[in-house]
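Coordinates in review
Read off the chains here:
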Amino acid sequence: MPKDSLSVVDNRTGLSYELPLADGTVRAMDLRKIRTGEDDFGLMSYDPGFANTASTRSSITYVDGEKGILRYRGYPIETLAKNAGYLETAYLVIFGRLPTAPQLANWERDIRHHTMLHTNIQNLIETFRYDAHPMSLFISSVASLATLYPDSRDVMDPANRRLQVERIIAKVATIAAFAYRHNQGWPFNGPDDSLSYVGNFLNMMFKMTEVKYEPNPVLEKALNVLFVLHADHEQNAGTTAMRVIGSAQGDPYSALAGAAAALYGPLHGAANEAVLSQLELIGKPERVPEFIERVKKGECRLMGFGHRIYKNYDPRCRIIKKTAEEVFRVTGSNVLLDVALELERIALEDEYFVSRKLYPNVDFYSGLIYRAMNLPASLFTVMFAVPRTCGWLAHWLEAFDDPEQKLMRPRQIYDGPEERGYVSIGAR
Ligand code: CMC
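Overview of the overall build of the protein
When helices and strands are tallied, the protein shows 17 helices and six strands. Taking 428 residues into account, the globule formula puts the C-alpha radius of gyration at 22 Å, and the protein, at 24 Å, falls close to it. The C-alpha extent of the protein, read off along each of the three principal axes, is 80 × 65 × 55 Å. Taking all 428 residues of the protein together, the buried fraction comes to 48%. Long-range pairs, those at least 24 residues apart, make up 69% of the contacts in the protein with a sequence separation of at least 6. With an accessible surface of roughly 21500 Å², the protein has 53% of that area assigned to carbon and sulfur atoms. Of the charged side chains in the protein, 48 are positive and 52 negative, and the gap between their average positions amounts to 0 Å.

This is the structure we're talking about:
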């Protein structure tokens, strides 16, 4: 009997099966041969939330949730946050290797080439109400880009895919900045090619009447760190949405709008917005114990805590916490940081959180940095979506090179009614 196999006895029939094992997995399709008879469809696996299902092979991001390890293409997140620029990280995430100096210069030039937004999209943004949620605006605008670039539907052409990737990475920053400016009621700022990707993003958001916008170096560095930390996180809900939509071979703008829509949920990327509301609700450190009791009674969740994969301290959170302290040295402290620190301190000692392995996640401290930059909480998820774009695109591209990938179409267990006769409306 091969060692790398699973022996299964089906007690319904008494039959035995040998299922091959590889990479710590059993192939779900191998279960199909386990049947009670000719009419039986065969065994399926049932996995709501895909909590124990690998849907793909991927060489982009490695996460060990028990040990709190995160690496992009083998490089520890701590090293990248310390040394790499966002576009350098995006290149690594997408192409699998750190760029050489000329490769990076070309990559930056190619992305800069696409930072301007067609006036149709600017006009579209202006049609939204002044208080439209910027994430809704972001999702709609990204989806609308497909109308301007119909060539993007030619997804089987690798050169065309690369063109769209450059275009999207460039344009999401402009859309995000314009969404912010629209909410503020300020005119849009065009891109400044002399700045870094992050510096230009700050320029498009914050430039007022000055002739040349000079980003604050501490804030630019902090935002760069945040962008590097958010670049990818393997098969989360947003990335899975990107892969599912991409598997139907539609254009990448539509797929990316879908990924961003998944990110917009409060259990996913909108948790950073919810964290800030919660910190404001608590208001001062003395009120933390009372709030923790409410969480333990199940009245609400402690937002920014817990993770499907991390059962240890989220390594991104540790870096963001340190970055927040650096930012606060420039912008002045904020009582909400004290509330967050007290929440973390109490939660990490409390049996409820300890026994469930609930630790602060990436969203716990990031909102505090954005708030220190005077950004409204509604923009926080957009600040997540912009850097995550390179991760979504890397996964979208990876699927094209994987011969095993196909249209994603899960099964279900049907538990609705058997066939019924139609009853006319008057007789119901
Ligand atoms: N506060 C209080 N209790 C919690 C929390 C929390 N934040 N998270 C999980 N639990 C409890 C939950 O009630 C359950 O307890 P019990 O076993 O008594 O029923 C147990 O922990 C396991 O929870 P789960 O919902 O089965 O775990 P999950 O893996 O499905 O949830 C999660 C992961 C991220 C959805 C969840 O931890 C959560 O809702 N956290 C708050 C929202 C948040 O911060 N999301 C950002 C995630 S990181 C960034 C990203 O992915 O975008």
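What about the site of the ligand?
Looking at the ligand, there are 20 residues lining it, with His268, Arg301, Leu302, Gly304 and Arg308 nearest. Taking arginine 356, its side chain carries an N or O atom lying 3.0 Å from an oxygen atom of the ligand. In isolation the ligand exposes 930 Å². Once the protein is present, 72% of that is buried. Class assignment for the residues of the shell around the ligand results in 10 nonpolar, six polar and four charged.

Focus: the pairing of strand β1 (residues 5-10)
Relative to strand β2 (residues 15-22), β1 is paired through six bridges, and the arrangement is antiparallel. For serine 7, the partnering residue across the bridge sits in β2 and is glutamate 18. Linking β1 to β2, which pair antiparallel, is a turn of four residues; within it glycine 14 sits at a positive phi near 80 degrees.

Overview of the packing of aromatic side chains
With the rule as written, the count across this model stands at 17 aromatic pairs. Judged by centre distance (5.2 Å) and plane angle (35 degrees), the ring pair of tyrosine 86 and tyrosine 197 falls under tilted. Pair noted here: tyrosine 86 is in helix α2 (residues 86-95) and tyrosine 197 is in helix α7 (residues 197-206), with a separation of 111 residues, a long-range link. Tyrosine 86 gets classed as buried once you look at its relative accessible area, which sits at 2%. Ring geometry for phenylalanine 305 and phenylalanine 353: centres 5.8 Å apart, planes at 75 degrees, overall edge-to-face. On the criterion of sequence distance, the pair formed by phenylalanine 305 in the loop between α12 (288-296) and α13 (315-331) and phenylalanine 353 in helix α15 (residues 351-355) is long-range, its members being 48 residues apart. Both residues of the pair, phenylalanine 305 and phenylalanine 353, belong to the buried class. Three or more aromatic residues link up through ring pairs in this structure, and these residues are Phe305, Tyr352, Phe353, Phe364 and Tyr365. Over the ring of phenylalanine 400 we find arginine 161, and its NZ or CZ is 4.1 Å from the ring centre. One cation-aromatic arrangement involves arginine 167 over tyrosine 149; the distance from NZ or CZ to the ring centre is 3.7 Å.

What to know about helix α6 (residues 158-184)
Compared with an ideal rise of 1.5 Å per residue, which puts 27 residues at 39 Å, α6 spans 39 Å between its outermost C-alpha atoms and is within 8% of the ideal. Within α6, 22 of the 27 residues are buried, which leaves the element mostly enclosed by the surrounding structure. Two residues or fewer past α6, glycine 185 is found with a positive phi of approximately 80 degrees.

Here we look at the packing of α12 against helix α14 (residues 335-349)
Two elements in contact, α12 and α14, have axes separated by 10 Å at closest approach and are oriented at 55 degrees. The orientation of α12 relative to α14 falls into the category oblique. The handedness of the crossing between α12 and α14 comes out as right-handed. Along the contact surface, α12 presents Val288, Pro289, Phe291 and Ile292, while α14 presents Val339, Glu342, Leu343, Ile346 and Ala347. Partitioning the contact of α12 with α14 into residue classes produces eight nonpolar, no polar and one charged.

Here we look at unusual backbone geometry
One can expect most non-glycine residues to show negative phi and most peptide bonds to be in trans. Phi at phenylalanine 50 is positive, roughly 50 degrees, even though this residue is not glycine. Structurally, phenylalanine 50 is set in the loop between β3 (25-26) and β4 (61-64). Here phenylalanine 50 falls in the partly exposed class, since its relative accessible area comes to 49%. In this structure, lysine 357 takes a positive phi of about 55 degrees despite not being glycine. Inspection of the secondary structure assignment puts lysine 357 in the loop between α15 and α16 (363-372). The exposure class of lysine 357 is partly exposed, given its relative accessible area of 39%.

What to know about the side chain of asparagine 203
Note that asparagine 203 resides in helix α7. A polar contact is formed between the side chain of asparagine 203 and the backbone oxygen of glycine 190, at a distance of 3.4 Å. Here asparagine 203 is in contact with Asn189, Gly190, Pro191, Asp192, Leu195 and Tyr213, once residues within four sequence places are set aside.

With respect to the environment of alanine 54
Relative to the elements of secondary structure, alanine 54 occurs in the loop between β3 and β4. We classify alanine 54 as exposed; its relative accessible area is 62%. For the pair alanine 54 and alanine 28, spaced 26 residues apart in sequence, the C-alpha separation works out to 9.9 Å.

Each value, and the rule that gives it
Residues numbered from 1 in each chain as written. Predicted model: local features only at pLDDT ≥ 70, side-chain atom pairs only at ≥ 80, totals over all residues. Heavy atoms only, no water. Helix = DSSP H or I, 4+ residues; strand = E, 2+ residues; numbered from the N terminus. Rg over C-alpha atoms; globule rule 2.2 N^0.38 Å. Buried < 20%, exposed > 50% of the residue type's maximum accessible area, 1.4 Å probe, protein only. Contact = heavy atoms within 4.5 Å. Areas by Shrake-Rupley, 256 points an atom, 1.4 Å probe, with all protein chains shown as cover. Lys, Arg positive; Asp, Glu negative; His and termini not counted. Charge placed at Lys NZ, Arg CZ, Asp CG, Glu CD. Near = heavy atom within 4 Å. Polar contact = N/O pair within 3.5 Å; in protein donor to acceptor, adjacent residues only side chain to side chain. Nonpolar A, V, L, I, M, F, W, Y, C, P; charged D, E, K, R; others polar. Pairing = 2+ DSSP bridges. Phe/Tyr/Trp six-rings, centres within 6.5 Å; stacked < 30°, edge-to-face > 60°. Lys NZ or Arg CZ within 6 Å of the ring centre and 35° of its normal. Expected span 1.5 Å × (residues − 1). Axes fitted to C-alpha atoms, helices over the stretch in contact; angles between N-to-C directions. Parallel < 35°, antiparallel > 145°, perpendicular 65-115°, else oblique. Left-handed = near helix turned anticlockwise from the far one by under 90°.

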